[in-house]
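# A look at the structure
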Amino acid sequence: MTWVYAELAKEAGKRGGPVALRYFYRGQGVIIGAALTGAGVAGTVLYDKWHARRAAAKPARQTTETPTPGA
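Attention here is on the structure that accompanies the text. Not measured: the values here are computed from a predicted model. (Residues numbered from 1 in each chain as written. Predicted model: local features only at pLDDT ≥ 70, side-chain atom pairs only at ≥ 80, totals over all residues. Heavy atoms only, no water.)

## Brief notes about the overall build of the protein
Helix and strand counts for the protein come out as 2 helices and 0 strands. Of the roughly 6700 Å² of accessible surface on the protein, a fraction of 65% belongs to carbon and sulfur atoms. (Helix = DSSP H or I, 4+ residues; strand = E, 2+ residues; numbered from the N terminus. Areas by Shrake-Rupley, 256 points an atom, 1.4 Å probe, with all protein chains shown as cover.)

So this is what it looks like as structure tokens:
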């Protein structure tokens, strides 16, 4: 366990202390979260466009048949 703590202490020293290290990782979390949110929104928009185009391309099939007047 001391090895992990030593690595963390070295990294905190490079970043300027424990508070700076925390803000660094929080900032990276915001960037990653924004990227994932953007990808999700873009995927939803593309799916909606694809679904609308697909629905417009195929006319609905008639499921009921009209009887012919002599049958």
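## A few points about the packing of aromatic side chains
Think of a pair of aromatic rings as described by two things: how far the centres are apart, and how the planes are tilted against each other in angle. Per the counting criterion, the structure on display carries 2 aromatic pairs. Measuring from centroid to centroid gives 5.2 Å for Phe24 and Tyr25, while their planes differ by 70°, and the two rings are edge-to-face. Residue Tyr25 is classed as partly exposed on the basis of its relative accessible area, which comes to 41%. Here Tyr47 and Trp50 contribute two aromatic rings whose centre-to-centre distance is 5.7 Å and whose plane-to-plane angle is 40°, an arrangement assigned as tilted. (Phe/Tyr/Trp six-rings, centres within 6.5 Å; stacked < 30°, edge-to-face > 60°. Buried < 20%, exposed > 50% of the residue type's maximum accessible area, 1.4 Å probe, protein only.)

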